[in-house]
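# Breakdown of the fold
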Amino acid sequence: VQLQASGGGLVQAGGSLRLSCAASVRTFSGYVMGWFRQALGKEREFVAAIRWSAGTTYYADSVKGRFTISRDNAKNMVYLQMSSLKPEDTAVYFCAAALRIILSMTRVSSSYDYWGQGTLVTVSS
């Protein structure tokens, strides 16, 4: 499975961006798709995840109410719509995929098997 994240860029605080993740897989059925981010000098952290088949979503508290993860079954794409962006959202954002993952490990980066290359989001104040 190869993942390709895109959509990053420079945006002012309060603005919006939509990140996309394309995958070289016939179907994501059974997968959990996640978005993580890593700011300069910091650990990689969980942002959001979606269970492909059920559509169940999970969010980090820091982005809840501002970010929305979604999927497009027909296009095998995962999106992260980011609104009300803050300077502290500045980071490289990665999409990731896991074929089998227990609920309690959804927010743990080591649970994910496949990773995209990352896309940089910079939020200016």
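This write-up is about the structure you can find in this document. What you see is a predicted model; the values in this text were computed from it and never measured.

## Looking at the packing of aromatic side chains
For any two aromatic rings, the description comes down to two numbers: the centre-to-centre distance and the angle of the planes. All chains considered together, the criterion is met by seven aromatic pairs. Measuring from centroid to centroid gives 5.6 Å for phenylalanine 28 and tyrosine 31, while their planes differ by 80°, and the two rings are edge-to-face. Residues phenylalanine 28 and tyrosine 31 agree in their burial class; the two are buried. On the numbers, 5.1 Å between centres and 75° between planes, the contact of phenylalanine 36 with tyrosine 112 is edge-to-face. Within this pair, whereas phenylalanine 36 is found in strand β4 (residues 32-38), its partner tyrosine 112 is found in the loop between β9 (91-98) and β10 (114-115), the two being separated by 76 residues in sequence. When its relative accessible area of 1% is taken as the criterion, phenylalanine 36 is described as buried.

## Section: the nonpolar core
Met33, Trp35, Leu80, Met82 and Tyr93 are the most contacted members of the largest nonpolar core, which has 40 residues in total. It is β9 that provides the largest number of residues to this core, a total of six residues. Excluding its chain neighbours within four sequence positions, the residues that come into contact with leucine 80 are Leu17, Arg18, Leu19, Trp35, Val47, Ala48, Phe67, Thr68, Ile69 and Tyr93.

Criteria and cut-off values
- Residues numbered from 1 in each chain as written.
- Predicted model: local features only at pLDDT ≥ 70, side-chain atom pairs only at ≥ 80, totals over all residues.
- Heavy atoms only, no water.
- Phe/Tyr/Trp six-rings, centres within 6.5 Å; stacked < 30°, edge-to-face > 60°.
- Buried < 20%, exposed > 50% of the residue type's maximum accessible area, 1.4 Å probe, protein only.
- Helix = DSSP H or I, 4+ residues; strand = E, 2+ residues; numbered from the N terminus.
- Core = buried A, V, L, I, M, F, W, Y, C linked by side-chain atoms within 4.5 Å.
- Contact = heavy atoms within 4.5 Å.

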